[in-house]
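A look at the structure
Given next are the chains, with one letter for each unit.
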Amino acid sequence: MFSSKEEFKKIFVTRMEHKGMGKTAELAYETLWEMTQEWIQDRWYRTSQLYKDNNEKQLYYFSIEFLIGRVLGQNLINLNFYDIVKEGLDELGLQLSEIEELETEPGLGNGGLGRLAACFVDSLASLGLPGNGYGLRYKGGLFTQHFVNGYQTEQPTQWIQEKHNVDVRREDLVVEVPYYGEVQLVMGMDGLKVKVEKPEWVKAVPYDMPVVGANGGTVNTLRLWQAEVSDRPFPGHKDYAVYEHETAKITDRLYPDDSLEAGKILRLKQQYFLCSASLQTILNEGSFSIEELPENVAIQINDTHPALAVPELMRLLIDDYALSWDQAWDITTRTISYTNHTILEEAMEKWDRRLIQTLLPRIYMVIEEIDRRFKESLQEQELDDEALHKLSIIENGVIKMAVLAVVGSYKVNGVAKLHTEILKKREMKELSEQFPNKFHNKTNGIAHRRWLLKANHELSGLITDTIGPQWIKEPERLSELHYFSQNHSFLQDFQAIKSLKKEQLIHHLQRNQNVIVDQDSIFDIHIKRFHGYKRQLMNILHIQMLYDRIKRDPTYRPYPRTFFFGGKAAPSYHFAKQVIKMINTVAAKVNNDPLARKHLHVVFVENYNVTQAEYMIPAADVSEQISTASKEASGTGNMKLMMNGALTIGTFDGANVEIFEQVGEENAFVFGMLAEQVMQHEKEKSYNPKSIIDSDPEIAQLMEELIKGEWTEGKTNVDFIVEQLLEDGDPYFVLKDIRSYSKAHEQILNAYAHPEKWAEMCVKNIAASGYFSSDRTIQQYSDDVWHLTKIPSLY
Ligand code: F55
């Protein structure tokens, strides 16, 4: 379409002229959008033809969330048009970055899990692998966060823009999903058959989005389902208006909870909607005999949210394809595999038996039979009650989705080495003993094309100028930067880019939030969802300690630091919301104190999302990864920050462990309890936070101030926090770890005092970050689980 800047400008200008008058930036956005879409269409079509012609095995990644972020800029990057377009627009007096700002980010996810799915589809396409995403087309993505009087408020977010849709409605591929109804046995041609009488049908309309791989070589599909009223006869056991209303609600909005299982009927409807619509389409579209499903299709379920895929596939194979139970089970358990993302008890999905029985009566029968047969298979072993409890799918009126997912799939993985070990040795010990070959690790990764190439185009340019462009295709080649980690001029260039990215973040914040940040301060960044175990509380308590020290000790005048926070709390998560309020309160106090302000600045970035992350991550000096050891399954922000040359202050948790392994502990700031110690304390209930207070006067003073209300403005918002720390036994070991955390921060200050040495450590981090590209993760999944064949690149 265009291969040079001049050509681009010519086509662009002609198109703009055709569009006539209007706001220039908006017209430019539309024009760019159309131009890239046209480019993509042809490749998209050709990719699907190639898959068909070669009968390629396809992977379907089922996920209730795809946190894709803005699309236009990423497509330009992956098509290698970004530079041409940027420079061309510059010459026309337009700024690409401003045009990009016009796109509303599709926030179809909560956090790590949803973003991982987005990185994975990027990597699949970039590696030329036949893999597609299946998800839901929520009308409203994750809420927009505002602070009112320091408290989080939530506002619904609409991302769908009628003018330039990022997806294509596929009327030709509509399927119908059945809810409710009565299960009956009917006599068919070949014996008794199960039939669900008078179900309530909901129409599932797919909307397809192209997923453009690196160099535009492969264009795969992200298919998102939208719920609409069915054209089929309505059974009439409820008011049609109620049915209409309930149907619209199915894909109306994303559940904003990333940690507590909601247990709500609407959530169950969403999950089934995704599974049923996707499976029906996969079976309809396949050009193979049903017995060969596992050779032609792999289905990966992203956590247990799509675990109903197991009984739904069984139902379709038995009821619609007339297979026997054993045949169906063999096929199902060779097609589906499952990824676990958490060991937190409260996040483990459990469904009330009656809820499933009412909403999905046939599915309930299938689950019951899976459970019965599994229990029967265990009978010969002498298992104690504890083991039987851990191995049961249905127990005490609830269905445990993780057990169903493990039993119904051929591979089960954790998302970092430590997490997988904990799954195998503890949380899922009994299951892993039953199925020793099922369990494996796949350490998460991130799409370096978004988190380095797109978010930090300047650093990417420097890397390419230094080691050549090969690293883009083979990110592990970033290791070649190691040779330059002591090269003075390279380090200077790196520092200049870090400053530039800080400046860009400062401008962004000034424009959006009206705060002014000191560019020369240390940018210490803590960005992630708010949760007790992620310990944003420990960070803010530490800032309070620093404030006290500055006030108390005239010799303590540390180098200026800006502590950035970003993240949302689930609307129902009271504790997390109190921590948000507390950070805002502390920020106001510290920032308004003339003495403290010279050394400390606290900035809470409102409405943290993918776009904000793209500004914050490249500007970071320090990456806060301070979860209570054993609790964070992996973390992926840790990888993004490392790849952008931030140094990690972190615990031995999740993928931090592997980050330290790759880069060396001497190039990070490691502190805190080990997972083993945490779990030991939990088991023996042997930790008492009061003992910390008795032995550490500084912590004692801080707690006293909190109790006295010195950190609140009249309102007693910290009461709840103090109660958790003292009365409730400090479940996330905040007081236990805060001393060693503080020491690690002192080490940071010492290291930062030597700029060149600091830069050397940053570069070593970048050099060691290639392992954390999701290209590596996806290749490993493909080799060990999905067995996909790379198609030759089209271009
Ligand atoms: C969303 C909905 C529910 Cl009901 C439960 C959890 C979530 C969710 O968003 N989980 C999530 O983000 N988990 C995270 O997954 C990441 C990718 O594997 C990990 O890096 C991270 O450790 C984990 O917490």
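Residues numbered from 1 in each chain as written. Predicted model: local features only at pLDDT ≥ 70, side-chain atom pairs only at ≥ 80, totals over all residues. Heavy atoms only, no water.

**Thoughts on the site of the ligand**
Neighbouring the ligand are 19 residues, the closest being Leu113, His341, Asn444, Glu632 and Gly635. Note that an oxygen atom of the ligand is positioned 2.6 Å from one of the side-chain N or O atoms of His341. The side chain of Tyr533 places a nitrogen or oxygen atom 3.4 Å from an oxygen atom of the ligand. Considering the ligand on its own, with 540 Å² of exposed area, one finds that the protein chains cover 93% of that surface. When grouped by side-chain class, the residues that make up the shell around the ligand number 5 nonpolar, 8 polar and 6 charged. (Near = heavy atom within 4 Å. Polar contact = N/O pair within 3.5 Å; in protein donor to acceptor, adjacent residues only side chain to side chain. Areas by Shrake-Rupley, 256 points an atom, 1.4 Å probe, with all protein chains shown as cover. Nonpolar A, V, L, I, M, F, W, Y, C, P; charged D, E, K, R; others polar.)

**Brief notes about the pairing of strand 16 (residues 411-414)**
Where strand 12 (residues 336-339) meets strand 16, 3 bridges bridge the pair, whose relative direction is parallel. Bridge pairing in strand 16 links Ser337 to Lys411. (Pairing = 2+ DSSP bridges. Helix = DSSP H or I, 4+ residues; strand = E, 2+ residues; numbered from the N terminus.)

**Remarks on the sheet that holds strand 14 (residues 394-395)**
Taken together, the 3 strands give an open sheet; going across it, the order is 13-15-14, and neighbouring strands pair in antiparallel fashion. What marks the edges here is a single partner per strand, and that holds for strand 13 (350-352) and strand 14. Pairing geometry for strand 14 and strand 15 (residues 398-400), over 2 bridges, is antiparallel. Counted as the bridge partner of Ile394 is Ile399 from strand 15.

**Digging into helix 29 (residues 697-708)**
The end-to-end C-alpha separation of helix 29 is 16 Å, in line with the 16 Å expected for 12 residues at 1.5 Å each. Glu698, Ile699, Ala700, Leu702, Met703, Glu705 and Leu706 are the residues of helix 29 that are buried. Looking one or two residues beyond helix 29, the residue adopting positive phi is Gly709, at roughly 90°. (Expected span 1.5 Å × (residues − 1). Buried < 20%, exposed > 50% of the residue type's maximum accessible area, 1.4 Å probe, protein only.)

**Digging into the domain arrangement of the chain**
According to the domain assignment, the chain consists of domain 1 (55-70 + 105-442) and domain 2 (448-673 + 739-772). A separation of 35 Å is found between the C-alpha centroids of domain 1 and domain 2. Across the boundary between the two partners, domain 1 contributes 41 residues, which contact 39 residues of domain 2. Looking at the side of domain 1 facing domain 2, the largest losses of area belong to Arg115, Gln145 and Phe147, adding up to 17% of the total buried there. Put simply, domain 1 and domain 2 have 4 salt bridges between them. For Arg449, the salt bridge goes to Asp122, with nearest N and O atoms at 2.8 Å. Taken together, the links from domain 1 to domain 2 amount to 21 residue pairs in polar contact (both at pLDDT 80 or more). Taken together, the elements giving at least two residues each to the side of domain 1 that touches domain 2 come down to helix 6 (112-126), strand 3 (140-148), strand 4 (151-158) and helix 16 (417-427). Top contributing element to the side of domain 1 that touches domain 2 by residue count: helix 6, with 7 residues. For the side of domain 1 that touches domain 2, a count of residues per class yields 17 nonpolar, 15 polar and 9 charged. (Domains from an automatic or database assignment. Contact = heavy atoms within 4.5 Å. Buried area = accessible area lost by both parts, 1.4 Å probe. Salt bridge = Lys/Arg side-chain N within 4 Å of Asp/Glu carboxyl O.)

**Some points on the nonpolar core**
Grouped together as the largest cluster of nonpolar side chains are 262 residues, with contacts concentrated most on Tyr179, Phe273, Phe564 and Trp786. The dominant element in this core, judged by the number of residues it contributes, is helix 8 (residues 265-285), at 10 residues. When residues are assigned to domains, this core turns out to be shared by domain 1 (55-70 + 105-442) and domain 2 (448-673 + 739-772), each giving three or more. (Core = buried A, V, L, I, M, F, W, Y, C linked by side-chain atoms within 4.5 Å.)

**A closer look at the pattern of salt bridges**
Taken as a whole, this structure holds 63 salt bridges when the rule is applied. In this structure, the salt-bridge partner of Lys19 is Glu34, at a minimum N-O distance of 2.9 Å. Residue Lys19 is found in helix 1 (residues 5-19), and its partner Glu34 is found in helix 2 (residues 24-54); the two are separated by 15 residues along the sequence. Among the residues examined, Glu34 registers a relative accessible area of 30% and is labelled partly exposed. Residue Arg169 pairs with Glu228 through a salt bridge whose shortest N-O separation is 2.8 Å. Of the two residues, Arg169 sits in strand 5 (residues 168-169) while Glu228 sits in strand 10 (residues 219-229), which places them 59 residues apart along the sequence.

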